[in-house]
Amino acid sequence: MARKSFTKEEIKQLVEDENVEFIRVTFTDVLGAIKNVEVPTSQLDKVLANDLMFDGSSIEGFVRINESDMYLYPDLSTFMIFPWATDSHGGKVARLVADIYTADREPFAGDPRHALREALASARKAGFTAFNVGTEPEFFLFKLDELGNPTTELNDQGGYFDLAPLDRGENVRREIVLTLEKMGFEIEAAHHEVAEGQHEVDFKYASALEAADNIQTFKLVVKTIARKNGYYATFMPKPVAGINGSGMHTNMSLFRDSENSFEDVSDEMGLSKTAYNFLGGLLAHATAITALANPTVNSYKRLTPGFEAPVYVAWSASNRSPMVRVPASRGKSTRLELRSVDPTANPYTTLAAILVAGLDGIKNELEPLASVDKNIYLMDETERVKAGITDLPDTLLAAVRELSADQTVISAIGTHIADKFIEAKKIEYTSYRQYVSEWETDAYFENY
């Protein structure tokens, strides 16, 4: 999906022609939550002049109250009209994704989108013109009660690639796809996933910045359409125990102009030295990346053996149990697939960390260990140690500690974001530790 470049005059004309009444200027906080300032179209000139301000002290991980004034600089290429009316007379809402600037008109170091821009600048300095990313986000649909509140009842009993009547979410998924296509997305596939009530929509790869913007827009569309149809959509990694959780497999490749830098037809696996070294960097920094790619306590309920999610640092071309897979496609589609990421990840900081880790591998010619072509879940610990396979962190705290010790990944997101993220996640984990769960009560209350 190639993003159209708009001029200010074209945006003004589209707003008038399409009866747009409000503009949502969106941005993302350090933890990945989508924020927005909504203004009437009478304020459009102010928005396009980069003069829209907001209070940064109210946003997670941004600034103190004494330095709170911040500017939103809209990226004009992200202009998009939501294909649903806001009121009875058909007024529409449009969206612009913004970069955050300080009161001194400098890029804000705590802006996750800025961190990804910086990582992409590093890739250009290394001779690469594009970092293309394609994601496969999964989500669950739950029923709403008569008051419109989410319940814990799944929308269906379907399974992988099922169709109606088992897949009751088929019409919702179809409406999501049609809505996204109206907004310019190119959808490659949509289907029921393995778990009951679980769904996946795959959209075509894009440049990393556009891909990150797309993920945030996708989440908004999915939740909007689901609620319209009487369901609640959640991207929580493991909302139900005992079944598969939701991941967001992330496919990636580096390009030099029109040439895929990961391809080498002379190699047995069709991979270039650049691809192997990028992979080496990804594996070397995997445990630190995990804190960003799996940023919630609940993320680690998904990263457990037996539910198709990776728990080991390894790679393969022939099976799906390792953390990184090399899909069979070659030519311009040659790519690596990171399977550990889940949809609670902040797409900007996660992609920045992945890219910088890969670039570190290229710069230092890091070689990955041998491909693991057997099911890692069936290997005992001795076999894994012999193969050089290590474990991914199994708790949020363990992952945060790995991040704290990895200066390469910290440099990818900047010290401002890293410090705020690490502080917030330690608080989150402490809060979790203090909570007594139903499982603990069931297991211990009558036995001790």
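Residues numbered from 1 in each chain as written. Predicted model: local features only at pLDDT ≥ 70, side-chain atom pairs only at ≥ 80, totals over all residues. Heavy atoms only, no water.

Chemist: Provide a residue-level description of the overall build of the protein, including the pertinent values.
Modeler: In terms of helices and strands, the protein carries 14 helices and 19 strands. Against the globule reference of 22 Å for 448 residues, the protein gives a C-alpha radius of gyration of 22 Å, in line with a compact fold. Judged by the C-alpha coordinates and their principal axes, the protein covers about 65 × 60 × 45 Å. Carbon and sulfur atoms make up 50% of the accessible area of the protein, which totals about 20300 Å². (Helix = DSSP H or I, 4+ residues; strand = E, 2+ residues; numbered from the N terminus. Rg over C-alpha atoms; globule rule 2.2 N^0.38 Å. Areas by Shrake-Rupley, 256 points an atom, 1.4 Å probe, with all protein chains shown as cover.)

Chemist: Outline the side chain of Asp 202, listing residues and values.
Modeler: Relative to the helices and strands, Asp 202 is located in strand β10 (residues 198–203). The charged side chain of Asp 202 is buried without a salt bridge, its nearest counter-charge being Arg 335 at 8.9 Å. Setting aside chain neighbours within four positions, we find Asp 202 in contact with Thr 135, Glu 136, Ile 187, Glu 188, Ala 189 and His 191. (Buried < 20%, exposed > 50% of the residue type's maximum accessible area, 1.4 Å probe, protein only. Lys, Arg positive; Asp, Glu negative; His and termini not counted. Salt bridge = Lys/Arg side-chain N within 4 Å of Asp/Glu carboxyl O. Contact = heavy atoms within 4.5 Å.)

Chemist: Which residues make up the nonpolar core, and what values go with them?
Modeler: Membership of the largest hydrophobic core comes to 78 residues, with the highest contact counts inside it found for Leu 116, Phe 131, Phe 278, Val 324, Ile 354 and Leu 355. The biggest single contributor to this core is helix α9 (residues 347–363), with 10 residues. For Ile 354, the residues in contact, after removing those within four places along its chain, are Phe 131, Met 252, Phe 278, Leu 282, Ile 289 and Leu 338. Ile 23, Val 25, Phe 27 and Leu 44 belong to the second-largest nonpolar core, a separate cluster that totals 24 residues. (Core = buried A, V, L, I, M, F, W, Y, C linked by side-chain atoms within 4.5 Å.)

Chemist: Now, about the pattern of salt bridges: what can you tell me, with residues and values included?
Modeler: Considering all chains together, one arrives at 17 salt bridges under this definition. The partner of Glu 367 in a salt bridge is Lys 273, with the nearest N and O atoms 3.5 Å apart. Placement of the pair is Glu 367 in the loop between α9 and α10 (381–386) and Lys 273 in helix α6 (residues 273–284), with a sequence separation of 94 residues. Several salt bridges share partner residues, and in doing so they unite Asp 75, Asp 99, Arg 113, Arg 117 and Asp 213 into one network.

Chemist: Residues and numbers for the UniProt feature "binding site: L-glutamate" (unreviewed entry) in the protein, please.
Modeler: UniProt feature "binding site: L-glutamate" (unreviewed entry): in the numbering of this structure it lies at Asn 244, Gly 245, Arg 302, Glu 308, Arg 320 and Arg 339. Looking at where Asn 244 falls in the secondary structure, it is placed in the loop between β12 (231–234) and β13 (248–256). Mapped onto the elements of the fold, Arg 302 is located in helix α8 (residues 299–302). You can call Arg 302 buried: its relative accessible area is 4%. (UniProt positions renumbered as here; feature names shortened; annotations may be inferred.)

Chemist: So what's going on with unusual backbone geometry? Which residues, and what values?
Modeler: Backbone geometry at Arg 105 places phi at a positive 65 degrees, although glycine is not the residue there. Positive phi values are uncommon outside glycine, yet Glu 365 reaches one of about 50 degrees. Tracing the sequence through the fold places Glu 365 in the loop between α9 and α10.

Chemist: I'd like a rundown of the packing of helix α3 (residues 112–125) against helix α5 (residues 208–228), residues and numbers included.
Modeler: For the pair α3 and α5, interaxial distance at closest approach is 10 Å and the crossing angle is 155 degrees. If you check the angle between α3 and α5, you find them roughly antiparallel. Here α3 runs over α5; the crossing is right-handed. Only Ala 208, Leu 209, Ala 212 and Asp 213 of α5 make contact with α3, whose side of the interface consists of Arg 113, Leu 116, Arg 117 and Leu 120. Looking at the contact of α3 with α5 residue by residue, the classes come out as 5 nonpolar, no polar and 3 charged. (Axes fitted to C-alpha atoms, helices over the stretch in contact; angles between N-to-C directions. Parallel < 35°, antiparallel > 145°, perpendicular 65-115°, else oblique. Left-handed = near helix turned anticlockwise from the far one by under 90°. Nonpolar A, V, L, I, M, F, W, Y, C, P; charged D, E, K, R; others polar.)

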